[in-house]
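Each chain, letter by letter, is given below.
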Amino acid sequence: MPATPPDSDRSQQLSPVKFSRLSKRGILLGLSISQLACLAVAIASFITGMMLGGAWAIYASIVWVPAIAIAFIPAAGRPIIEWAPVASIWVWRSLTGQRKYRARVTRPRPAGTLALPGDAASLRQYTDPVTGAVMVHDPHAQTLTALIEIHHPSFVLLDPGEQERRVQAWGRVLATGCRSGRVARLQVLERTIPDSGSGLAQWWAEHGRDDGSWVSETYKQLIDRAGPAGERHVSTLSVSLDMHAAARQIRAAGRRLRGASEVLRQEMRTVTTALRAADLHVGEWATPGELAIMLRTAYDPAVTATLDRAGDLGQDLATAGPVAVEETWDRLRSDSAWHAVLWISEWPRSQVFPGFLSPVLLSSGIRRSFTLLCDPIRADLAARDVRKRKVEHISDRSQRQRIGQIEGAEQSAELSDVLQQEADLVSGHGILRFTGLLAVSADTSEELETAVSALEQAAVQASCETRRLVGQQASAFAAAALPLARGL
């Protein structure tokens, strides 16, 4: 039996973590509402055909046989009936011409709107008069969002003790969103962009010795060649205010966007304090020009290096959107790139150490954006949801025992996750719903498929399961690649 390490050594060890499983429990005996509806139609048509007899029994089979087939035969991991909503919306959008977007350059956009396609066209910009930060208002979801860039050292290069300390500090940052009750969503966006070489050139201008010697000339040539060939990582944190939950505070602060900006400013100060306590280097909250660069380069990656060297050019939000976008079933094409969005459908089922996403985040030579959407759930709503799922699991177990069906290990594991969440709530912890998205970009369709395959393999190394989203690539790309804290 191995000896127990002393407390001093244990404090330097990195604690493993475990994620809850994606619940696949249905309404009754593991069947969803759509499957139960198909099964009801099949039973009704079968009984009707038997009662009428004769040829009606054959005619009824035309109904109940397909109904059972689409209810239970899987397609791409889901029953065929589960694809009905996605397919119907896709057909409707195709018939109404919503899969193609062309910027109308001869017509000015309404003042204060963002030049984005699809359902993001309704977003409004508001500049905070106190901080100068840009705030994005979603009039449909009633949210107001601000974002800030975060600088941090490489996590994988830190020693285990420092990694453990930073993990605990980051947990306290996320906990601020749960305690407030006014935060609708937190978005962590980490993206790779082509390096224009301006950073290396700036370092050489500040620290180099340009004396005209052979060494200095050779060094400058290396900087000119290596800079544009490299890539850099940019991390941002977006905070979205729930204007419904903060309605009373907004009225007290002056109503409308003016009052909402005051309330969001309070959340921004809280988040900034928590980030600095976690030893994360933060600057000022993003201005309209900085957000314009992010939006433009997301749809047009080829212009990234040019805008990085162009000073103040391209910093107008009214023209920061794409010129043309065309959506297909499983990919998206914008100005200079092809895009595809992957959904992390399963996080690691076994215990893993923080940093398990290193194969995905440190994959080189691939332009991608990784987004983690964190939706805080109010304590009372979380407790009610946990109790409901606990009762449903116990009821399903009793029903399976009554009909003689054996309970599988997956059902037992899901119940164990629910019980663990209940214990965490009782202990005073907050509950967040995590959604992971990966947006992959490439110059051609063939290069896109190669990059997607490489990231899928990297996700396997990280013990994650990914699924390519279909029929909703436009909205998925807006959620995965844009720092606007939008969901699916």
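Residues numbered from 1 in each chain as written. Predicted model: local features only at pLDDT ≥ 70, side-chain atom pairs only at ≥ 80, totals over all residues. Heavy atoms only, no water.

Novice: How should I be thinking about the overall build of the protein in this particular structure?
Specialist: Looking only at helices and strands, the protein has 16 helices and 15 strands in total. With the C-alpha coordinates of the protein rotated into their principal frame, the extents come out at 100 × 70 × 55 Å. Residue pairs in contact within the protein that sit at least 24 positions apart in sequence constitute 75% of those at least 6 positions apart. Carbon and sulfur atoms form 57% of the exposed surface of the protein, whose accessible area is close to 26,200 Å². Mean positive and mean negative side-chain charge positions of the protein (53 and 50 charges, respectively) differ by 8 Å. (Helix = DSSP H or I, 4+ residues; strand = E, 2+ residues; numbered from the N terminus. Contact = heavy atoms within 4.5 Å. Areas by Shrake-Rupley, 256 points an atom, 1.4 Å probe, with all protein chains shown as cover. Lys, Arg positive; Asp, Glu negative; His and termini not counted. Charge placed at Lys NZ, Arg CZ, Asp CG, Glu CD.)

Novice: Teacher, can you tell me more about the pattern of salt bridges here?
Specialist: Side-chain pairs of opposite charge can arise whenever the charged atoms involved come near each other. Under the definition given, this model contains 18 salt bridges. Notably, a salt bridge pairs aspartate 138 with arginine 486, separated by 3.2 Å at the nearest N-O pair. Pair noted here: aspartate 138 is in strand S5 (residues 134-138) and arginine 486 is in the segment after helix H16 (473-481), with a separation of 348 residues, a long-range link. Between arginine 468 and glutamate 449 there is a salt bridge, with its nearest N and O atoms 3.1 Å apart. Taken as a pair, arginine 468 in strand S15 (residues 465-468) and glutamate 449 in helix H15 (residues 445-461) lie far apart in primary sequence, 19 residues in all. Owing to a relative accessible area of 21%, arginine 468 belongs among the partly exposed residues under this scheme. A network of salt bridges, in which partner residues are shared, links Glu162, Arg165, Arg166 and Asp279. (Salt bridge = Lys/Arg side-chain N within 4 Å of Asp/Glu carboxyl O. Buried < 20%, exposed > 50% of the residue type's maximum accessible area, 1.4 Å probe, protein only.)

Novice: Mind showing me how you'd approach the packing of helix H2 (residues 33-52) against helix H3 (residues 55-72) here?
Specialist: How two helices pack is summed up by the angle between their axes together with the distance between the axes. Where H2 meets H3, the closest approach of the two axes is 8 Å, and the angle between their N-to-C directions is 165°. Relative to H3, H2 is oriented roughly antiparallel. Viewed along their axes, H2 and H3 form a crossing whose handedness is left-handed. Contacts between H2 and H3 involve Gln35, Cys38, Leu39, Val41, Ala42, Ser45, Phe46, Gly49, Met50 and Leu52 on the former and, on the latter, Trp56, Ala57, Ala60, Val63, Trp64, Ala67, Ile68, Ile70, Ala71 and Phe72. (Axes fitted to C-alpha atoms, helices over the stretch in contact; angles between N-to-C directions. Parallel < 35°, antiparallel > 145°, perpendicular 65-115°, else oblique. Left-handed = near helix turned anticlockwise from the far one by under 90°.)

Novice: Got a minute to help me understand the pairing of strand S14 (residues 431-442) in this structure?
Specialist: In the case of a regular strand, side chains alternate between the two sheet surfaces. Within S14, 9 of the 12 residues are buried, which leaves it mostly tucked inside the rest of the structure. Here strand S12 (residues 338-346) pairs with S14 via 6 bridges, running antiparallel. By the bridge assignment for S14, valine 341 is matched with alanine 439. For strand S13 (residues 367-377) and S14, the ladder comprises 11 bridges, and the chain directions are antiparallel. Paired with leucine 373 across the strands is threonine 435, a residue of S14. (Pairing = 2+ DSSP bridges.)

Novice: Help me understand helix H14 (residues 409-426), please; the structure alone is not making it clear to me.
Specialist: If you check H14, its first and last C-alpha atoms are 26 Å apart, about what 18 residues at 1.5 Å a residue would give, namely 26 Å. All of the buried residues along H14 are Ala413, Glu414, Leu415, Asp417, Val418, Gln421 and Leu425. Note on H14: the residue one or two positions beyond its end, glycine 428, has a positive phi of about 100°. (Expected span 1.5 Å × (residues − 1).)

Novice: What's the story with the environment of alanine 292 in this structure? I'm lost.
Specialist: Along the chain, the position of alanine 292 falls in helix H10 (residues 288-299). Judged by its relative accessible area of 0%, alanine 292 falls in the buried class. Note: C-alpha distance between alanine 292 and leucine 317 (25 residues apart in sequence) is 4.9 Å.

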